[in-house]
Amino acid sequence: MVQPLGYLPESASQTAGPYVHIGCTPNFVGIHGIYDQDLGLEPFPKDAKGQRITITGVVRDGVGKSLNDVLVEFWQADADGKYGPGAQGFARRASNFDTGEWELTTIKPGAVAGMAPHIGLWVVARGINIGLQTRLYFEGDDHSKDPLLNRLEHQNRRNTLIAKDTGNGTWRFDIQLQGEGETVFLDM
Amino acid sequence: MTLMPRNRANHPVAYAPGYKSSVPRSPRLALIAGSPTATEQTGPVFGHELIGKLDNNLILNFTGEPAIGERIIVHGRVMDETGRGVPNALVEVWQANAGGRYRHKKDGYLAPLDPNFGGCGRTLSAQDGSYEFMTIRPGAYPWPNGVNDWRPMHIHFSVFGASFGQRLITQMYFEGDPLIYRCPIVATIPDKAAVDRLVAPLDMNRALPLDCLAYKFDIVLRGNRQTMFENRMEGL
Ligand SMILES: [Fe+3]
């Protein structure tokens, strides 16, 4: 016998379920009076330096239906490519119960440590057994040296990580959970 | 500090046909693996000013009048895989009321709403990773999946460790609940030992006489390693 390594195994994930909003965005589902406001409404203060942008999107399932019960979290650097301080750069959005759309107004992130400007995303919902990590890059930026994008051998898969420029500082980023055009999900 | 790779064997599979919602919502292509970067190694840091006085008391935090149900303390530690406590972890919880009903427009279960139960709470872990909540024991509830599927009593947990790459949502189950091993959502986890680690034991040492019972639920997040070799100077 040898000495035990002694590491603890990570706790197993379980689906966020259909009622994730009660815990994560209670005001969004009409549970008022417990928290002043939902966490992650504003990723940056109003006077933060950088270009204000608005990103909208949906998360679609394998039959093409938009998830109206999804929760998406965002983590990004500021305009100078720096993370933080505190919770600055963090946002959380629940999709609209009718349309499945989410919308985030934020600052366009700067490039970070050799990577093209991007936002880290984490997606949870009923039917998703472990939160899905992915990234949002911006159409029009130079992605030629981005280490992650360069690892993806299929050009059409790479495009699933690039938000479309829809003009005037607005961007579109749809996530496909399964099937044709399945978004690249990460294990990092 | 570098996040250790996630051991997917500790987790549920994405496609688990017994849990029907996972069928159209599970990615079918392989995850793209890579070493964590600054985006995964950093994460939001929440301050104590975020947390209100009653945020971790689900019995009282909705109206100030006590919720109906079996009073319990849920406590434990947030640790990482090296066994170190994770301080300042934001722990958010949500649950059904004592009858198994959620305060949510999509929950139409027969059991009544409790006017004094909102169903959510949050806290920040202490320096040693410890946390606690006061709540009522949630009821089991039926859900549309198989013909007669029931969720065991459970509390949903969302945990922010020190980095975005440690992000975890899970559920806590209660020792002795016969529904645990009949639940298709629990069964998405292939490893029985990993399931057992989500079952909180009754903890009579923390129960308050003539007041409430207690359950202990430890949560382990991905580990961080730090070695001299990772921090070596250029050329060494
Ligand atoms: Fe539940």
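All residue numbers refer to positions counted from 1 along the written sequence of the respective chain. Note on labels: chains are lettered from A, ligands numbered from 1, in written order. With pLDDT at 70 or above as the cut-off, local features in this predicted model cover only qualifying residues; side-chain atom pairs require 80 or more to be listed or tallied, and sums for whole chains, interfaces and linings still use all residues. Each side-chain value is worked out from all heavy atoms of the structure, with water and hydrogens disregarded.

Draft legend 1. Molecular detail of the overall build of chain A. Put simply, DSSP H or I for four residues or longer makes a helix, DSSP E for two residues or longer makes a strand, and each gets a number counted from the N terminus. Counting its regular elements, chain A contains three helices and eleven strands. Mapped from its N terminus to its C terminus, chain A presents α and β elements in the order α-β-β-β-β-β-β-β-α-α-β-β-β-β. Within these notes, the globule rule equals 2.2 Å times the number of residues to the 0.38 power, and the radius of gyration is based on C-alpha atoms. Taking 16 Å as the expected radius of gyration for a compact globule of 188 residues, we find that chain A reaches 18 Å, a close match to that expectation. Oriented by its inertia axes, the alpha-carbon framework of chain A measures out at about 55 × 50 × 40 Å. Taken across its 188 residues, chain A has 61% of its residues classed as buried. Taking as baseline every contact in chain A between residues at least 6 positions apart, the subset at least 24 positions apart corresponds to 64%. Accessibility throughout is a Shrake-Rupley quantity obtained with a 1.4 Å probe, and a residue counts as covered only by protein chains that appear here. Of the roughly 7700 Å² that chain A leaves accessible, carbon and sulfur atoms contribute 49%. The sign given to each residue is positive for Lys and Arg and negative for Asp and Glu; His and the chain ends receive no count. Lysine's charge is taken at NZ, arginine's at CZ, aspartate's at CG and glutamate's at CD. Taken together, the 17 basic and 23 acidic charged side chains of chain A have centroids lying 3 Å from each other. With a 1.4 Å probe rolled over the protein chains alone, any residue whose accessible area is under 20% of its type maximum counts as buried; one over 50% counts as exposed, and the rest are partly exposed. Any two residues whose heavy atoms approach within 4.5 Å are treated as being in contact.

Draft legend 2. View of the environment of D177 of chain B. Residue and element names in this part refer to chain B. Considering the arrangement of structural elements, one finds D177 in the loop between β10 (168–174) and α3 (192–196). Here D177 falls in the buried class, since its relative accessible area comes to 7%. The spatial distance from the C-alpha of D177 to the C-alpha of P152 is 6.7 Å, given a sequence separation of 25 residues. Separated by 2.9 Å, the side chain of D177 and the backbone nitrogen of M153 make a polar contact. N or O atoms within 3.5 Å of each other form a polar contact, as long as, within protein, one can give a hydrogen and the other can take it, and as long as residues adjacent in sequence are counted only when both atoms are side-chain atoms.

Draft legend 3. Inspection of the environment of D187 of chain A at higher detail. Within the secondary structure, D187 of chain A is located in strand β11 (residues 186–187). With relative accessibility at 18%, the residue D187 of chain A sits in the buried group. Counting along the chain gives 55 residues from D187 of chain A to L132 of chain A, while the straight-line C-alpha distance between them is 8.7 Å. Setting aside chain neighbours within four positions, we find D187 of chain A in contact with Q133 of chain A together with R6, R8, L31, I32, A33 and G34 of chain B. Among the polar contacts listed, one links the side chain of D187 of chain A to the side chain of R8 of chain B, at a separation of 2.9 Å.

Draft legend 4. A look at the packing of aromatic side chains. We call Phe, Tyr and Trp rings a pair once their centres come within 6.5 Å, taking the six-membered ring for Trp, and we label the pair stacked below 30 degrees between planes, edge-to-face above 60, and tilted otherwise. Per the stated rule, a full pass over the model turns up 15 aromatic pairs over all chains. Judged by centre distance (5.0 Å) and plane angle (80 degrees), the ring pair of F138 of chain A and W171 of chain A falls under edge-to-face. Taken together, the positions of F138 of chain A in strand β7 (residues 132–138) and W171 of chain A in strand β9 (residues 170–172) put the pair 33 residues apart, joining distant regions of the chain. Here the two residues F138 of chain A and W171 of chain A agree in accessibility, since each one is buried. A ring pair is formed by F174 of chain B and Y215 of chain B, whose centres lie 4.9 Å apart and whose planes are at 80 degrees; its orientation type is edge-to-face. Of the two residues, F174 of chain B sits in strand β10 while Y215 of chain B sits in strand β12 (residues 213–216), which places them 41 residues apart along the sequence. With relative accessibility at 0%, the residue F174 of chain B sits in the buried group. Ring-pair connections join several aromatic residues into one group, and the members of that group are Y131, F133, F157 and F217 of chain B. Criterion for a charge above a ring: Lys NZ or Arg CZ within 6 Å of the ring centre, and within 35 degrees of the ring normal. Taking the ring centre of F138 of chain A as reference, the NZ or CZ of K108 of chain A above it sits at 4.9 Å. Across from the ring centre of F160 of chain B, 3.7 Å away, lies the NZ or CZ of R167 of chain B, which sits over that ring.

Draft legend 5. Up close: the side chain of T39 of chain B. Relative to the elements of secondary structure, T39 of chain B occurs in helix α2 (residues 38–41). Within polar-contact distance, the side chain of T39 of chain B engages the side chain of Y83 of chain A at 2.7 Å. Beyond its immediate chain neighbours, meaning those up to four positions away, T39 of chain B contacts W75, Y83, M115, H118, G120 and R135 of chain A together with F164 of chain B.

Draft legend 6. Molecular detail of the coordination of the iron ion. Residue and element names in this part refer to chain B. Protein ligation of the iron ion involves Y102 (OH), Y141 (OH), H154 (NE2) and H156 (NE2), the donor distances falling in the range 1.9 to 2.2 Å. Angles of 89 to 163 degrees at the metal separate the four donor atoms of the iron ion, which places the site in the irregular class. Distances up to 2.8 Å from the metal define which N, O and S atoms are donors, and 3.2 Å serves for Na, K and Ca; water is absent from the atom set, so sites may look incomplete. Counting gaps between the donor residues of the iron ion yields the pattern Y-x38-Y-x12-H-x1-H. According to the relative accessible area criterion, H154 is buried, its value standing at 1%. Since its relative accessible area comes to 3%, H156 is described here as buried. Between 85 and 135 degrees for all angles marks four donors as tetrahedral; over 155 degrees for opposite donors together with 65 to 115 for all other angles marks four donors as square planar and six as octahedral; every other arrangement is irregular.

Draft legend 7. Just the nonpolar core, in detail. We call a set of buried residues a nonpolar core when its members are Ala, Val, Leu, Ile, Met, Phe, Trp, Tyr or Cys and they connect through side-chain atoms within 4.5 Å of each other. Core analysis: the largest hydrophobic core is formed by 43 residues, its most contacted members being V74, V78, Y131, F157, M172, F217 and I219 of chain B. Those residues in contact with V78 of chain B that lie beyond four places of it in its chain are R84, G85, V86, A89, V91, S125, G129, Y131, V159, I219 and L221 of chain B. Among the nonpolar cores identified, the runner-up in size contains 33 residues, and Y19, A77 and Y83 of chain A together with F46 of chain B belong to it.

Draft legend 8. Region of interest: unusual backbone geometry. Cis geometry is adopted by the peptide bond preceding P85 of chain A, which originates at G84 of chain A and carries an omega value of -5 degrees. Turning to its location among the elements, P85 of chain A is positioned in the loop between β3 (71–76) and β4 (90–94). Backbone geometry places A113 of chain A, a non-glycine residue, at a positive phi of 40 degrees. A relative accessible area of 70% places A113 of chain A in the exposed class. Of note in this structure, N88 of chain B is not a glycine but carries a positive phi near 60 degrees. Tracing the backbone through its elements, the reader meets N88 of chain B in the loop between β3 (71–80) and β4 (90–94). On the accessibility criterion, N88 of chain B (30% relative accessible area) is partly exposed.

Draft legend 9. Highlighting the confidence of the model for chain B. Mean pLDDT over chain B works out to 95, with 96% of the residues at or above the 70 mark. The complex model carries a pTM of 0.97, and its ipTM stands at 0.97. The quantity known as pLDDT measures the predictor's confidence residue by residue, on a range of 0 to 100.

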